[in-house]
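Structural features, examined
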Amino acid sequence: MIDQVKQKINDLLSNGSVKGVVALVHTNGNVAPCLYQKGDDLDKLCLGDTDSAGDARYPLNKVLVTLSRQYPDEVFGVLVRGCDERGLYGLYRLNQLDPERVVPIGIACPQSLALQCECKKPWPDDMMAGETSEGIDQKGVANAESNSHSERFSYWKGQFLKCVKCYGCRDICPMCFCRECSLECEDLVSKGDLPVEIPVFHLVRAMHMADRCIDCGLCDEACPADIPLRLLYKKTAQIMNTEFGFTSGIKKYEKSPLSLMGPAPEK
Amino acid sequence: MDYRNTLTTCTYCGCGCNLFLESIDGKLTGTTPCKTSPVNEGKLCIKGWNAHAFVQSERRLKKPLLRKNGELVEVSWDEALDYAASRLKDIRKKNNPDAVGFFASAKVTNEENYLMQKFARAGMGTNSVDHCARL
């Protein structure tokens, strides 16, 4: 698979259709986000796998947004998995990236990673390498909801109490791009105090993720307190799906129901 | 176009979390925790996440400041060091070595901290050495 990706990047760079390609590099024993440009060595290209599949994934779309803000006229390629492609669709919809200036290089995730992520679509629509694995049933939310209200309340309260307010969930999130963030609004969240406002802090973020979260799981991986954030956002995404028939990043140009005025769109 | 992620160690405390400083054309634009680091495994605290923010900050001091007539004014390194040395000597002479305390820092290297405690103990003659986190 990696050879196909290298070939594709080489083709894109040598025929000049992109200025650079955002992907990963394996260097000095570490995996890092990287921008490959014409003439760069592709030998150290990496797909984000070290000990197990996808254990060194980074928010490449976030890198792309940063680069595009700096160089709005250039075209960039980007390595995408299923979740990253959903992210691209979301960022097009939210006017953070121009689809004319992005060339996705899609790879499928192996079954092991799909299972670990409980990913319903572990492959991108536009896929150039890898074999499609099966989508996984979303059981996490139902399992969590099988407990009583009081059990769930104390469970989440306990989880939120662990928060060290590092803002890592927001900072790693490829779908968080606002220049002003509600979590820094002192009317909602006081500065420098711990424990964090319960449940305001986490629920504000969960609400903002409702029509954005692409279920990539990077927030879970970045949380030093091991708060199951992904499960929380899966729940808000599920409400969006049940109420409006909308899932973030599944259809390329679909508008979010939360950005429409007037009656609810038909399911 | 020069886009880089430079692997480095967080300067905020002694844990030694590994992070990437993201830069575009020589200007720092962000911090990303290193996932393959055995120390922090892709996680950071709020200070680490903002490690890029102070380096090129306009508010950073670039020259030594000395308070003269109640106001801080920029002075040369020679003047600042001369003043610090003479006051330290004065205080030590008028009181005793324990009238002076030394705070080490997580933002400098191990070797620099070694030199500082050496200076405190062998130079000034006090064991009053502590870490800046207790300030």
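How each quantity is defined
Starting afresh in each chain, residues are numbered from 1 along the sequence in its written order. Going through the entries in the order they are written, you letter the chains from A and number the ligands from 1. Two thresholds apply to this predicted model, a pLDDT of at least 70 for residue-level local features and 80 or more for giving and counting side-chain atom pairs, whereas whole-chain, interface and lining totals are computed over all residues. By convention in this description, side-chain values take in all heavy atoms of the structure and omit both hydrogens and water. Cysteine sulfur pairs qualify as disulfides if the two atoms are within 2.5 Å. Burial classes: relative accessible area under 20% of the type maximum marks a residue as buried, over 50% as exposed, and values in between as partly exposed (1.4 Å probe, protein chains only). Cavity means a closed set of points on a 1 Å grid over the protein atoms alone, one where a 1.4 Å probe fits but cannot get out, pocket means an open set with protein on both sides within 12 Å along at least 5 of 7 lines, and lining means a residue has an atom within 4 Å of a point. Grid points are joined across faces, edges and corners, and a volume is the space filled by probe spheres set on the points. Working definition: helices are DSSP H or I runs of at least four residues, strands are E runs of at least two. Numbering for both runs from the N terminus. Here the nonpolar group is Ala, Val, Leu, Ile, Met, Phe, Trp, Tyr, Cys and Pro; Asp, Glu, Lys and Arg are the charged ones; every other residue, Gly included, is treated as polar. Strands pair, by our definition, only if DSSP identifies at least two bridges between them. Note on geometry: axes are lines fitted to C-alpha atoms, helical ones only across the stretch in contact, with angles between N-to-C directions running from 0 to 180 degrees. When checking whether two residues touch, look at their non-hydrogen atoms; a contact exists if any pair is within 4.5 Å.

This part covers the state of the cysteines. Summed over all chains, the structure comprises zero disulfides over all chains. Unpaired in this structure, Cys216(A) has its nearest cysteine sulfur neighbour in Cys83(A), at a distance of 5.5 Å. Not engaged in a disulfide, the cysteine Cys15(B) finds its nearest cysteine sulfur in Cys13(B); these two sulfurs lie 3.6 Å apart. Cys15(B) sits in the exposed class, given a relative accessible area of 56%.

Right, let's talk about the layout of surface pockets for a bit. All names here are of chain A. A volume near 1000 Å³ is recorded for the largest pocket. If you go around the largest pocket, you meet 37 residues; those closest to its centre are Lys62, Asp171, Cys176, Phe177 and Cys178. Here the lining of the largest pocket takes seven residues from helix α2 (residues 60–70), the largest share from any one element. Counted by class, the lining of the largest pocket contains 17 nonpolar, 10 polar and 10 charged residues. In this structure, the second largest pocket encloses a volume near 520 Å³. Together, 19 residues line the second largest pocket, and Arg152, Trp156, Leu203, Leu232 and Lys235 are the ones closest to its centre.

This part is about the sheet that holds strand β3 (residues 27–33) of chain B. Pairing in this open sheet of three strands is antiparallel, and the strands run β1-β2-β3 (chain B) from one edge to the other. At either end of the open sheet lies a strand with only one pairing partner, and these are β1 (3–9) and β3 of chain B. Looking at each pair of strands side by side, their axes are set apart by 30° on average, direction ignored. Pairing of strand β2 (residues 18–24) of chain B with β3(B), which is carried by six bridges, proceeds in the antiparallel orientation. Its bridge partner lying in β3(B), Leu21(B) is registered against Thr31(B). Packed onto the sheet, α2(A) meets β1, β2 and β3 of chain B and runs at close to 25° relative to β2(B).

Nothing here speaks to function; it is geometry throughout.
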